[in-house]
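Given next are the chains, with one letter for each unit.
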Number of protein chains: 6
Amino acid sequence: MTDLVTFGETMLRLSPPDHERLETTATLELRAAGAESNVAIAAERLGADAVWASKLPDSPLGRRVATELRSHGLETAVAWSDEGRQGTYYLEHGAAPRGTNVVYDRSDAAVTTTRPDDLPLDAVRDAAAFHTSGITPALSDTLESTVADVLETAQAAGTTTTFDVNYRGKLWSPASARATLTDLFSAVDVLVTAERDARDVLAREGSAAEIARGLADDHGFETVVVTRGDAGALALHDDAVHECPAVETETVDPIGTGDAFVGAFLARRIAGDDVPTALEYGTATAALKRTIPGDVAVVTREEVEAVVDADAREISR
Amino acid sequence: MTDLVTFGETMLRLSPPDHERLETTATLELRAAGAESNVAIAAERLGADAVWASKLPDSPLGRRVATELRSHGLETAVAWSDEGRQGTYYLEHGAAPRGTNVVYDRSDAAVTTTRPDDLPLDAVRDAAAFHTSGITPALSDTLESTVADVLETAQAAGTTTTFDVNYRGKLWSPASARATLTDLFSAVDVLVTAERDARDVLAREGSAAEIARGLADDHGFETVVVTRGDAGALALHDDAVHECPAVETETVDPIGTGDAFVGAFLARRIAGDDVPTALEYGTATAALKRTIPGDVAVVTREEVEAVVDADAREISR
Amino acid sequence: MTDLVTFGETMLRLSPPDHERLETTATLELRAAGAESNVAIAAERLGADAVWASKLPDSPLGRRVATELRSHGLETAVAWSDEGRQGTYYLEHGAAPRGTNVVYDRSDAAVTTTRPDDLPLDAVRDAAAFHTSGITPALSDTLESTVADVLETAQAAGTTTTFDVNYRGKLWSPASARATLTDLFSAVDVLVTAERDARDVLAREGSAAEIARGLADDHGFETVVVTRGDAGALALHDDAVHECPAVETETVDPIGTGDAFVGAFLARRIAGDDVPTALEYGTATAALKRTIPGDVAVVTREEVEAVVDADAREISR
Amino acid sequence: MTDLVTFGETMLRLSPPDHERLETTATLELRAAGAESNVAIAAERLGADAVWASKLPDSPLGRRVATELRSHGLETAVAWSDEGRQGTYYLEHGAAPRGTNVVYDRSDAAVTTTRPDDLPLDAVRDAAAFHTSGITPALSDTLESTVADVLETAQAAGTTTTFDVNYRGKLWSPASARATLTDLFSAVDVLVTAERDARDVLAREGSAAEIARGLADDHGFETVVVTRGDAGALALHDDAVHECPAVETETVDPIGTGDAFVGAFLARRIAGDDVPTALEYGTATAALKRTIPGDVAVVTREEVEAVVDADAREISR
Amino acid sequence: MTDLVTFGETMLRLSPPDHERLETTATLELRAAGAESNVAIAAERLGADAVWASKLPDSPLGRRVATELRSHGLETAVAWSDEGRQGTYYLEHGAAPRGTNVVYDRSDAAVTTTRPDDLPLDAVRDAAAFHTSGITPALSDTLESTVADVLETAQAAGTTTTFDVNYRGKLWSPASARATLTDLFSAVDVLVTAERDARDVLAREGSAAEIARGLADDHGFETVVVTRGDAGALALHDDAVHECPAVETETVDPIGTGDAFVGAFLARRIAGDDVPTALEYGTATAALKRTIPGDVAVVTREEVEAVVDADAREISR
Amino acid sequence: MTDLVTFGETMLRLSPPDHERLETTATLELRAAGAESNVAIAAERLGADAVWASKLPDSPLGRRVATELRSHGLETAVAWSDEGRQGTYYLEHGAAPRGTNVVYDRSDAAVTTTRPDDLPLDAVRDAAAFHTSGITPALSDTLESTVADVLETAQAAGTTTTFDVNYRGKLWSPASARATLTDLFSAVDVLVTAERDARDVLAREGSAAEIARGLADDHGFETVVVTRGDAGALALHDDAVHECPAVETETVDPIGTGDAFVGAFLARRIAGDDVPTALEYGTATAALKRTIPGDVAVVTREEVEAVVDADAREISR
């Protein structure tokens, strides 16, 4: 039985080396990158049996995505399409005061036409959990409808549904996002949201704990996780609030931090760990992710546990 | 006064190093690449004062294109657009029996909405020559109409209009191309076509000379140039046929060979050289281009003349 | 049901870029490389459902191997070991008269202690075919015994056993190889051998067809395939000899040519194609492999079929 | 009409990647680098129409410089020379306590023989401003005389003359510099100096404001700008002192910081902004420059304004 | 006369670029790396005439080591062996909380069979000093015996014997190390130990000064140096304790810091400097090492002295 | 005793990767390169004990040269100079019809002021052979005089003097070269010349054998070697003419071919081999050099002997 099925777009990420600018670079580094595949890989590496489901163009670019995802041990359930593009994004790493800049080139991606029957619904029904994020419904009307259908299908089958708000200002406005997402929330069991998104998009106020409680009250979530950057993460579950500080990091690449957190959190919850333990794995995996180039948390469970146990050494030889 | 204005799409070309495959590569080389900017650069380097006109998205990707083109001394007349993508293409260099493969990702490019008033029409009218290729009208209905308008505008102003058939099977069928192009031909003074395109697209038969003569007879071209790969090039002008053999090359990168030929041919014609001389510059520049990575003929006039004079040495020190 | 299980050592291949020498290089390219995983990948890419089975050290180096193999869609059945090294080899690409040089550093690899129960014997029994090569028994006495056991187990279960002689002079002498291999041949259904190995190691004489017939007569092989480099390949099957010429190539990296041939040949045989057809796929895949850096045939079935159909074009755009 | 003409040497900068040492590196990164072209590029990118004037050798190395400068949209007015070298400098990036080290190899550069009539004097006379720095007269006696002539020519024509002290201890002694520069100051309208240079070279004492006032009093400058590193910049203009703090940065490459400041300051002054505003653009551009590899501020006006407005975000997506 | 002979294993160090992980990297940087050759190079660069003695396999890999070591001006006294491997180690640079990770692949290295007569014993006897570290006897029983013999031979000949504890937890346990090392100490004149090793391996307690005094009292060392990371270093010599603070650094690569310290300390002691001066050179060289990629302190004596004199400037031009 | 002392300039060679052009490249490969150090390295690698003597600037660039030369096992006798530049040359690899282009930037190199007492004259007198080439006297009048002095000193001491004509058209005219070289010839024992240089510079006519005989007759050379590119080499010695064909090669980098020939020829002559044998080593080493990037023949004696014995295999594993 599969532990976790995730669904969403995975793009090719194209980034200049070092701190070069897109405008003048002669080379680009190429990596597969997508919130939901990032989550699936983190979960797989933390012990879950994960499947990433999506649609890709039947081209060398689509195959490039699948090739890299599979390398992490993930199962890929791909609807290969003769139509639609391979989404890409260009990433320029910043340094203060120059911000890290993302240029999306993902319109008309093959994934935007995904309908429920493009997806492995049997696997979704059999899985312990199904996950997607707020990026997916933002990509097309078709996807908004598909996400709603699949969340309902999953929930109806007893699969825990998990959802990360993951607001992207370059895709939609806060108001549109709020409208769409709150419609989806009735079919969501576990909500993850950055505190900033809760405030700016979901229009929540108060402390992080108050935000979590308000969301749970309004939408009936089984669990609400609020991620708070340097301030760590907080979860409301069974009416109890659990807090977990962040692990200090030297950041090499911040992209994918939240996804690493979610994947590890879900993997440990699926494995039966309690919420505080899952939060610890989540924050440790997120911290390790920040030290690794690319979107993906290329970690082992042992490495994560060493951070949880705070016994990682500076040089091991 | 400008010698030459060219108009067309310039893409970002993304290619794996050496002979790596797109499916497994970790890096991509990034270069600006487009038939009409290739022509303009070759012309500029051979002594013409060239302008490349087009529409680009107002983004780091669009600026990346302009940045590279300007480096060759070209003037760029860009309509910066808030809409439309930056077209890209992925290039995988082959080795027999594996063909060189081009994956276009150019749909909905900003350029596809270019209307005549996005272009420097005054410069077109004042220029000695205006050039575009069969790729441009293949990209959108808007562009088909714009190309027709601008060719007519140029011709009416006394600017020599030059056109390269440049058939791309991944953009349209031979029948569509033939229909569209033959409609444009009445406003074209100088036609360049690969012999293969003349046969497969323009449905011409007979020898290269017969093809040239037939095209000139049917469409009233002032000059017809037929490029023949290893067999060199042939031009019909003032009722005379001029042939020029190809220069033997060790090929490093074949993309852009035809554009280098056209740019050099036009530059020398504009400078007042006769057709046989212009053919020699064209074939020499084309041969040099094949030794240079990228779409662009990074050559000097001295280097081209050394090839024309056949006195290039193996090592010069 | 699995189509093909292969078993053997996969190493990390470390090679200087371009034609740099090991003695002076500052960087190395890193790739997974092993005869039997090369075969499994080629088979998977040609449509078979393939599993590669082996033992790897539980270290970042062992994981590096599994990571790359899985990227090709292969299932990996790995016995993770706390003992034994990750085998490596250093590859220096030559250019005449400097030969390509391989420096093995594979002693005491984890794989050398593999016993039958480290392997997925149920999958072997259920598979259509099981494959290994003469490299595997050359690596240790334990492996010699394990190979004998697994071939017998497979054959007893009705799995077709396939074996590539694959002689490596840096591992053992021709006499040792001949003694060991001929002992194994009774459990082999399909033998593949380079003509040179048949002569130098198996001490066969006569034409390639006579060699095939002699081997079939002496050991009762169902099929004997003799690969002949530039001269193509020949197969004896059901008392008929089938010949297939080689496809002309521009060689980028010759390593893995034979494995690509075997993988494609087996995939098509398992899929039900006849021997002449399988030979065509084998020689086409081998030719494409030579154009690709690394040990692995990163090809699609469509590309192979285009070579078989001889309609690959120089540039496709 | 041109806004700004700058004049000075542009070198090829050769630097090892990462923190490698020159003594052991196998590769070098190559970029065009020169104080006055850095200024011109920053000005162009901030909205000025800039021309860089100089002499370069007519060689691939000289062309390499022009190629890169033109890519930034700059107009280049180059006297191509058959004599004289292309100046180079080798840059080794340090990390405390290892200082960043510059090895100049610029003797006998073509630029050192530049006479006024090698320069576009008409453009200088027509421009809003003419700029050079203390490096230029340090390079040769000819250049000392040429700088004096051109400053006078410009000032006489009503062009604002701007001058950055830019002391280089590897070119001349403080005493020589002081003697030469103070001779030039009578033809300078706007002086820029690092506080350290004002003290060590111009022998000024007191606070930065006192230094500015003293210089203005002694030499009749219209504006004096004192740059103070982490302490920001200060300008004396119309008898008022304006201070502007520095923007905090994570430094990727410090070379060219001062030039970025000057280019942006001048561009905004020429565009009509007041001194405090121009200082803000200058410090913001300088801060962004420090995040970009190479000598050149590859920025857009929008990016600079986001820093001025303090609304740059860590990740924009 | 040789100043210093060092003896120990030098490996090939293989490390992914930037912060890439071994599990996913496509390239590795290759460098020679070994505690005792690091010491010899630092000593040579600080003015000593140093020889590195060891055994290497007669292969491109062994030659790669010698080639790089010789480049630093070192004399290499190599016993070329037809047996035994070239030891390697894989280094993955970390970033908090991900530790820098070393994967040794050094078993059965050629060096492990080194016997005294493989070494240049006459040079050892004639040298001012002979140095090895605790890594060497940890590698094999043969090496434990060889180290004991050579230390005795050296001491008997009047050569100062120096020894760095250099404990490696991946090679042996603290208890084994303590037993072996304390047996060797009777033949050691100068002991260097990290404070942590003194506590964890040599089971010493108290302050660093008490540790030094205790070691000197128990084993009769002429000099004991205790290195203390950020806290600098301390030496007991002639009954006096000398302390030296560490120099603040921005760390690029921490590997080899201790060896750089030892090499510089020894070079200056051999040159006749007193212990406090040698400590200053040691800490300055160690600080510079941390700014340089690789194991080796690629420094000049002038650079070290600039740090000692605290007059290194941020940018020198 | 030293076998061979060579004297001449060694430059830093800066070349774009692959076939990139200098005008557009972003990176350069850096290598030490000089005719006489190339010869010394080839000789050292073929078994001679070689010393390279020259003057270098006391800078990171000068040290970069020495560092690389020493890595090959060569002894370097360097006069470190506070004056004069480090010579460089920029190398652009061609492909027909684009020639390989060398841009020298070697004027005012430190070496140009070398006087005899900067050189290790005792080593020259004690050596079996002393070698320089026609490049050295072309660099400055001082060097012309120094070369004459040192050749005479060597010859007077019984050291065999060897000289390679090595004409460089970018340094001097044929007439100047002929005048200078023929003055030097009285102090030369062994002359090596390309057949083309013999004709174009030394104004010789007739067959290669006639050229050799004429030179020997006119100047009293003990041995004359004429290298003939693809046609191999020919030597006149003891009144006998020995011919040796060239070895067929796939050329990776042609620079340094002649130097590799000379180094190997001299090493074997010094070792006592007869002229025909030395020619075989020379042509084999020259052929191997052409397969190796850079100026230097990074070969082993075993590899050369395998080519001499014609038993090099395509892949050795």
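Residues numbered from 1 in each chain as written. Chains lettered and ligands numbered in written order. Predicted model: local features only at pLDDT ≥ 70, side-chain atom pairs only at ≥ 80, totals over all residues. Heavy atoms only, no water.

Draft legend 1. Summary view of the interface of chain A and chain B. At the interface, 24 residues of chain A touch 24 residues of chain B. For the pairing of chain A and chain B, the buried interface totals around 2,100 Å² over both sides, and the portion due to carbon and sulfur atoms is 58%. When the buried area of chain A at its contact with chain B is split by residue, Glu23, Leu28 and Leu61 of chain A rank highest and sum to 26% of it. Seen at the junction of chain A and chain B, the total is 11 residue pairs in polar contact (both at pLDDT 80 or more). Only β3 (27-33), α2 (60-71), β6 (88-92) and β7 (100-105) of chain A provide two or more residues apiece to the side of chain A that touches chain B. (Contact = heavy atoms within 4.5 Å. Buried area = accessible area lost by both parts, 1.4 Å probe. Polar contact = N/O pair within 3.5 Å; in protein donor to acceptor, adjacent residues only side chain to side chain. Helix = DSSP H or I, 4+ residues; strand = E, 2+ residues; numbered from the N terminus.)

Draft legend 2. Here's a closer look at helix α1 (residues 35-45) of chain D. Residue and element names in this part refer to chain D. The element α1 is largely enclosed, with a buried count of 11 among its 11 residues. Turning to α1, its buried residues number three or more, namely Ala35, Glu36, Ser37, Asn38, Val39, Ala40, Ile41, Ala42, Ala43, Glu44 and Arg45. Immediately beyond the C-terminal end of α1, within one or two residues, lies Gly47, with a positive phi of roughly 115°. (Buried < 20%, exposed > 50% of the residue type's maximum accessible area, 1.4 Å probe, protein only.)

Draft legend 3. Structural detail: the arrangement of the chains. Note that chain C does not reach chain D: the shortest distance linking a C-alpha of one to a C-alpha of the other is 7 Å. Chain B makes no contact with chain E; the smallest distance between any of their C-alpha atoms is 7 Å.

Draft legend 4. Focus on the relation of the copies chain A and chain B. With an RMSD of 0.0 Å, the fit of chain A onto chain B corresponds to turning through 180° and sliding 0.0 Å along the axis. Each copy turns onto its partner about a two-fold axis. When C-alpha distances to the rotation axis are compared across chain A, the minimum falls at Leu28 of chain A, with a value of 2.6 Å. Both copies share a contact surface, since 100% of the interface residues of chain A are interface residues in chain B too. (Least-squares fit on C-alpha atoms with pLDDT ≥ 70 in both.)

Draft legend 5. Quick look at the sheet that holds strand β12 (residues 233-237) of chain F. All names here are of chain F. Taken in spatial order, the nine strands make up an open sheet running β5-β4-β1-β8-β9-β10-β11-β12-β13, and their pairing is mixed. Two strands in the sheet have a free side with no partner beyond their single neighbour: β5 (75-81) and β13 (240-244). Going across the sheet, the axis of each strand differs from the next one's by a mean of 15°, ignoring polarity. Relative to β12, strand β11 (residues 223-227) is paired through five bridges, and the arrangement is antiparallel. Among the inter-strand pairings, Thr223 is bridged to a residue of β12, identified as His237. Running over the sheet, helix α1 (residues 35-45) touches β1 (4-7), β4 (50-57) and β8 (129-133) and is turned about 160° from β1. Packing of helix α5 (residues 141-156) onto the sheet brings it into contact with β1, β8 and β9 (160-164), and relative to β9 it is tilted by some 145°. (Pairing = 2+ DSSP bridges. Axes fitted to C-alpha atoms, helices over the stretch in contact; angles between N-to-C directions.)

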